[in-house]
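One-letter residues, chain by chain:
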Amino acid sequence: MIAYARRAFIVLWKDWLIERRSKSSLNAVVFFALILLFLFQFALGPDRERLHAALPGLLWLGFVLAGLLGLGGVFLVERDNDCWEGLLLAPGDKSAIYVGKLAANLVLMTLVEAVILALFGVFYGIDLYAVLAPLAAVVVLGTIGIAAVGTLFGAMTAQVRSRELLFPVLLLPMQVPVLLATVSATEVVLAGRPLAEAAAWLTLLAVADTVYLAIGLLTFEFVFDA
Amino acid sequence: MIAATRLRKRFGAAVVLDDLSLSVGSGECVALLGPNGAGKTTLLRILATLTRPSSGSLAIGGIDALARPEAARPLIGMVGHGSCVYEDLTAIENLRFWTALSGQDASPIRLRGALQEVGLEGVAAERARTFSAGMKRRLALARVVLARPRLLLLDEPITGLDRQGRKWLEALVLGLRTGGTAVVFATHNLGSGLDLASRVAILSEGRLAMDRPAQELSGEDLRAMYDSVTEGAGG
Amino acid sequence: MPDRSPRVILGWLAGLALLAGLGAGFGYAPREDIQGNVQRIMYLHVPAVLTAYLAFVVTLVASAAYLGTKRLGWDRLAAGAAELGVLFMGITLLSGSIWGKPTWGTWWTWDARLTSTAVLFLVYVGYLLLRAAVEEPERRARYAAVVGILAAANIPIVHFSVKWWRALHQPSTILGPQPAPIAPSIKLALFVNVIAFALLFVYLLTSRVEVARLEEEAAR
């Protein structure tokens, strides 16, 4: 058990170090989020009411689009450095690599989401502080769902020619339930209503996350094989 | 260590390996010679369980590598064409990653020792991006050697190594062989074939056209045999 | 040469059943009061969606079987079933749309069933696109199997999320037979058509798998 955790951790450690040093994807994604912010504003027009009504959807649209950028390239560092086969040959349970990559993705996505939230708060005038805890709960549950499937599909598409197109086409339809649940729950939270009102959605998210994680853990060795 | 029997590998209509059998014992070092495209890389990849043969059987360390590749993999170390070095990590960080991933002791002392063996201890804290191709090769070798594999597979190990690099390689291979590791390497450099190996085999048209102990051959003998075999094959 | 006659018999059986279903749907079943004859498209719409779900269950089982045994025959079955599933989902969507136009005046409504169907349609189209993008048969089979399992596991999750979402945002506009007691003749007509579609599915699936097997042998 400890050995497994160590192996997963070292994958997380490596990806985190590389990401911090190359800074490439994190910066780009944050910038992308900023652009999205403006695009949403322009697309919806100056009517503040309309914007606020659409806010939960816009927020998660932003998260998903940013996630697409990051998650699609999750295994590219392996491909670019010619390390795919080195990882394949590494002994031990392959699912530890899945856990490590998933953890790295979660950390990165959460960072990006925090930035997006802060920007949303500033530009669209939302009082985030008041709803921070319940909002965080929704965001974490939703992000786990997206990352669990995204990491799995990222491994599958890393070496496929039409990766940039195939990855979103595979991921987005799968994520519709997560999107519906998180947007609905976010609506409840942003309106200041108690989190208990969104209990059904949160339960759905928790169930979905568990299912996706379980399948990811069980099937990663089949995806990550020669 | 390796018992490969009647391996066949097809890619679509092209037959790359045809009824190839090979056995390698502990401590042996086999040089696989052959022109480009002869199938050396494919054979190495099959031995590494990275590719499955179309038919035939393969046992590594007594384990059926086709039925249970995960059981055989801990025994295998391979440095392929690509050196697999994370450019944004330093030399010692690279080693730490691979060692820890394999579940081994990743203490700094051990890692530095490995870097010393390949002459990279001076750049331990440098990012691999700054390394030459030869240095990356050596780092890859250090990584693999740390794992103390029972079977070491090398694809064109001489490429990018200068004379000093070759000396390190020889010392590494010798050290491993003394410990019982079997080594198989593919190269088109006939000279290195004789220097490093205890056995020399020529791969041509998907088969082993020749397989002889290295000490029986001189440089000219080998050259002559090589030419005659590959000429016939139009290679 | 594998014995073709069981499949041919099956084909005839399916054809007869379909004819019976057609007759039941258009002749035997009563004309619906409110919607008129358009409502008869239900005899296409409902069996189609049920058959699609059947197909996806087959994909799930075959995918799991492939991962367990690594026999490519299972992969062929999974792929064939997924293709048919997408086909029947497409029929469901189309018939649902055609049903909707005269009934509510629009080609599309975001009601729960149509939306779920559309989402699952996209999910499995993604499955087929993945298969098209990977060339090596063994790798393709592995990847497809994983997606096949995940997609099937997602079906109930999609259902609930869409249903709740729908209930949240609009009072449900009605689709399909009313909660009012369903006449036994309608039930019978529906039943006949469902059986007919199931037979058709099995016939098409076995044919498709056979073709795939022959294609693979020819490539060798």
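Refer to the preceding data block for the structure.
**Quick notes on the packing of aromatic side chains**
At step 1: A complete count under the given rule lists 19 aromatic pairs over all chains for this structure.
At step 2: Between Phe 38 of chain A and Phe 42 of chain A the ring centres are 6.1 Å apart and the planes differ by 50 degrees, which places this aromatic pair in the tilted class. Of this pair, Phe 38 of chain A and Phe 42 of chain A both sit in helix H2 (residues 24-44), 4 residues apart, roughly one helical turn.
At step 3: Taking relative accessible area as the criterion, Phe 38 of chain A reaches 37% and is therefore assigned partly exposed.
At step 4: The exposed category is assigned to Phe 42 of chain A, whose relative accessible area is 62%.
At step 5: Every member of this aromatic cluster is reached through a ring pair, and the members are Phe 75, Trp 84, Tyr 98, Phe 220 and Phe 224 of chain A.
At step 6: The ring centre of Phe 97 of chain B lies 5.1 Å from the NZ or CZ of Lys 14 of chain A, which sits over that ring.
At step 7: Here Arg 96 of chain B stacks its cationic end above the ring of Trp 13 of chain A, 4.4 Å away from the centre of that ring.

**Here we look at the interface of chain C and chain A**
At step 1: Each partner contributes to the interface: chain C provides 32 residues, whereas chain A provides 31 residues.
At step 2: For the chain C and chain A pair, buried surface summed over both sides reaches about 2,700 Å², with 78% attributable to carbon and sulfur atoms.
At step 3: Taken together, the links from chain C to chain A amount to 1 salt bridge.
At step 4: As a salt-bridge pair, Arg 161 of chain A and Glu 135 of chain C come within 3.1 Å of each other at their nearest N and O atoms.
At step 5: Our enumeration of links across chain C and chain A arrives at 4 residue pairs in polar contact (both at pLDDT 80 or more).
At step 6: Elements supplying a minimum of two residues to the side of chain C that touches chain A: helix H4 (112-133) and helix H5 (137-169) of chain C.
At step 7: Take the side of chain C that touches chain A: its biggest share by element is 20 residues, from H5 of chain C.

**Focus: the pattern of salt bridges**
At step 1: Tallied over the full model, the rule gives 25 salt bridges over all chains.
At step 2: The partner of Arg 21 of chain A in a salt bridge is Glu 93 of chain B, with the nearest N and O atoms 2.8 Å apart. Note that Arg 21 of chain A is positioned in helix H1 (residues 2-22) and Glu 93 of chain B in helix H3 (residues 91-101), a pairing that runs across two chains.
At step 3: Glu 93 of chain B gets classed as buried once you look at its relative accessible area, which sits at 14%.
At step 4: A salt bridge links Asp 211 of chain B to Arg 199 of chain B, with the nearest nitrogen and oxygen atoms 2.9 Å apart. Within this pair, whereas Asp 211 of chain B is found in strand S10 (residues 207-213), its partner Arg 199 of chain B is found in strand S9 (residues 199-204), the two being separated by 12 residues in sequence.
At step 5: By relative accessible area, which is 35% here, Asp 211 of chain B ends up partly exposed.
At step 6: What emerges from the salt-bridge pattern is a single network uniting Lys 14, Asp 15, Glu 78 and Lys 101 of chain A.

Procedures and definitions
- By convention here, each chain's residues receive numbers from 1 onward along its written sequence.
- Each chain is given a letter, starting from A, and each ligand a number, starting from 1, according to the order in which they appear as written.
- Given that the model is predicted, a residue must reach a pLDDT of at least 70 before its local features are reported, and side-chain atom pairs must reach 80 or more before they are shown or counted; all residues, however, enter totals for whole chains, interfaces and linings.
- By convention in this description, side-chain values take in all heavy atoms of the structure and omit both hydrogens and water.
- Working definition: rings of Phe, Tyr and Trp (its six-membered ring) pair if their centres are within 6.5 Å, and the pair is stacked with planes under 30 degrees apart, edge-to-face with planes over 60 apart, and tilted otherwise.
- The way it works is that DSSP assigns letters per residue, a run of H or I at least four long becomes a helix, a run of E at least two long becomes a strand, and they are numbered from the N terminus.
- Exposure is judged per residue with a 1.4 Å probe applied to protein chains only, and the accessible area is read against the type maximum: over 50% gives exposed, under 20% gives buried, and values in between give partly exposed.
- Our definition puts a charge over a ring when NZ of Lys or CZ of Arg is within 6 Å of the ring centre and also within 35 degrees of the ring normal.
- The contact criterion used is simple: two residues touch if any of their non-hydrogen atoms lie within 4.5 Å.
- Defined here as a combined quantity, buried area equals the accessible surface (1.4 Å probe) lost by two parts on assembly, summed across both.
- The rule for a salt bridge is simple: a side-chain nitrogen of Lys or Arg has to be within 4 Å of a carboxyl oxygen of Asp or Glu.
- By the criterion applied in these results, polar contacts are pairs of N or O atoms within 3.5 Å in which, for protein atoms, one can donate a hydrogen and the other can accept it, and in which residues neighboring in sequence qualify only through two side-chain atoms.

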